[in-house]
Amino acid sequence: MAEKPQPVRVLYCAVCTLPAEYCEFGPDFEKCKPWLIQNAPDLYPDLTKESSTKDVDKVTEQLQSTGIASTASSAPKEEAVKRLPGGKMKKKEKAEVVIEKVVRNKRKCITTVKGLDLFGVKLSDASKKLGKKFATGASVVKGPTEKEQIDVQGDISYDIVDFITETWRDVPETAIFFIEDGKKVPAA
Amino acid sequence: MFKKFSSEDVSAQNQVKASVQRRIRQSIADEYPGLEPVLDDLLPKKAPLIVAKCQNHLNLVLVNNVPLFFNIRDGPYMPTLRLLHQYPNIMKKLQVDRGAIKFVLAGANVMCPGLTSPGGALDNEVEAETPVAIMAEGKQHALAIGFTKMSAKDIKTINKGIGVDNMHYLNDGLWKMERLD
């Protein structure tokens, strides 16, 4: 057998996942800069020159902030609207729980709970708890748009709010919404 | 093609039977003779080979949940960029000039002038309808995988319009999907 060609190891940027040399064409070159200065200084000689003259400290600081707490106060304006590759803007998803009652064959209904996962709640556990509490079937279902939601049989919208706020303390009552006649109504 | 692509677009994935597995291996080996020495490592005979069917008649070949190849309908198998980066010499290469990089990375097809200008380079042996790696002026690694619409000669003589269809480029949906579970 012929000798195996060794796989080339490509340096991928930790921030934008592109190969380091393409960072400048990536979605957010500014954010990659600190990482590049540390990990691939030879690719962008201009950058290192820039930084070495004045703000090495600032760069490392920036690196930490992007690595650990990118959602923190470092750049709140930029975080809120994330740029999509097509130049379209995308609003950051708000964490909220949406409860909707869907009627099926007239007197039976299903209550769907969306968005619990945004609060770090495990959906499979949650559905089990809901099913136990209300003595009905409850299951995790894939929603229309890649979101997972919990379907609970029966109309439980009357006391699901209390149950959610009690079981998961992280979920504030203000973040819970009902959908009534196609309109979002806060539960609180 | 992969501009919008996520695990949601995978409609079914199943482990293929041995005969299909053999056929896939064979067609990949035919297409990329340069890969042959490492093919056993890439597609181990023992490990289950999974084919994920996606929308638009797209198939992904997965090994250990990592997408390695894709094809459309019964078209040729093409490696993903991560794989191509590891073994850059398996495909014929076309080089675009610097000005084109931005557009290719936004998913645009490669136009002839971007290949014929001073920054671009063409491999004269490239025929129409073959998968190629798209390199960029001044860069080491491939930035996209394309499917030629014209032969290299035509690209040079006509020098107008789409030369290479952009199949898969850096930071598209498939690139972001490092693993598929």
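Residues numbered from 1 in each chain as written. Chains lettered and ligands numbered in written order. Predicted model: local features only at pLDDT ≥ 70, side-chain atom pairs only at ≥ 80, totals over all residues. Heavy atoms only, no water.

### Some points on the pattern of salt bridges
Then, number 1: In this structure the tally under the stated criterion is eight salt bridges over all chains.
Then, number 2: Two residues, A:Glu24 and B:Lys139, come together in a salt bridge whose shortest N-O distance is 2.5 Å. Residue A:Glu24 is located in the segment before helix H1 (29-39), and its partner B:Lys139 is located in the loop between strand E8 (131-136) and strand E9 (144-148); the two belong to separate chains.
Then, number 3: When the shortest N-O distance is used, the salt bridge between A:Lys114 and A:Glu100 registers 3.6 Å. Of the two residues, A:Lys114 sits in strand E4 (residues 108-114) while A:Glu100 sits in strand E3 (residues 97-104), which places them 14 residues apart along the sequence.
Then, number 4: According to the relative accessible area criterion, A:Lys114 is partly exposed, its value standing at 28%.
Then, number 5: Through salt bridges with shared partners, a single network forms among A:Glu24, B:Arg98 and B:Lys139. (Salt bridge = Lys/Arg side-chain N within 4 Å of Asp/Glu carboxyl O. Helix = DSSP H or I, 4+ residues; strand = E, 2+ residues; numbered from the N terminus. Buried < 20%, exposed > 50% of the residue type's maximum accessible area, 1.4 Å probe, protein only.)

### Comments concerning the sheet that holds strand E7 (residues 110-111) of chain B
Strand-to-strand pairing in sheets goes through backbone hydrogen bonds, with the strands running parallel or antiparallel.
Residues and elements named next belong to chain B.
Then, number 1: Here we have five strands laid out as an open sheet, ordered E6-E8-E9-E10-E7, and mixed in their pairing. In this open sheet, the two edge strands, each paired with only one partner strand, are strand E6 (93-96) and E7.
Then, number 2: The pairing of E6 with E8 spans four bridges and is parallel. Bridge pairing in E8 places Val 96 opposite Ala 136. (Pairing = 2+ DSSP bridges.)

### A few points about the interface of chain B and chain A
Then, number 1: Between chain B and chain A, the contact holds 24 residues from the first and 23 residues from the second.
Then, number 2: Joining chain B to chain A, the criterion identifies two salt bridges.
Then, number 3: Where chain B touches chain A, the interface holds nine residue pairs in polar contact (both at pLDDT 80 or more).
Then, number 4: Looking at the side of chain B that touches chain A, the elements that each hand over two or more residues are helix H2 (36-42), helix H3 (81-86) and helix H4 (98-104) of chain B.
Then, number 5: Tallied by class, residues from the side of chain B that touches chain A come to eleven nonpolar, six polar and seven charged. (Contact = heavy atoms within 4.5 Å. Polar contact = N/O pair within 3.5 Å; in protein donor to acceptor, adjacent residues only side chain to side chain. Nonpolar A, V, L, I, M, F, W, Y, C, P; charged D, E, K, R; others polar.)

### Focus on helix H1 (residues 18-31) of chain B
Then, number 1: Counted at 1.5 Å a residue, the expected span for H1(B) with its 14 residues is 20 Å, and the 20 Å between its end C-alpha atoms agrees.
Then, number 2: Next to the buried residues of H1(B) lie H2, strand E2 (49-54), strand E3 (58-63) and strand E4 (66-72) of chain B. (Expected span 1.5 Å × (residues − 1).)

### A few points about the environment of A:Tyr44
Then, number 1: Note that A:Tyr44 resides in the loop between H1 and helix H2 (45-53).
Then, number 2: Through-space distance from the C-alpha of A:Tyr44 to that of A:Cys23 is 10.0 Å; in sequence the pair is 21 residues apart.
Then, number 3: Beyond its immediate sequence surroundings of up to four residues, A:Tyr44 is in contact with A:Ala20, A:Glu21, A:Tyr22, A:Cys23, A:Glu24, A:Phe29, A:Leu36 and B:Lys139.

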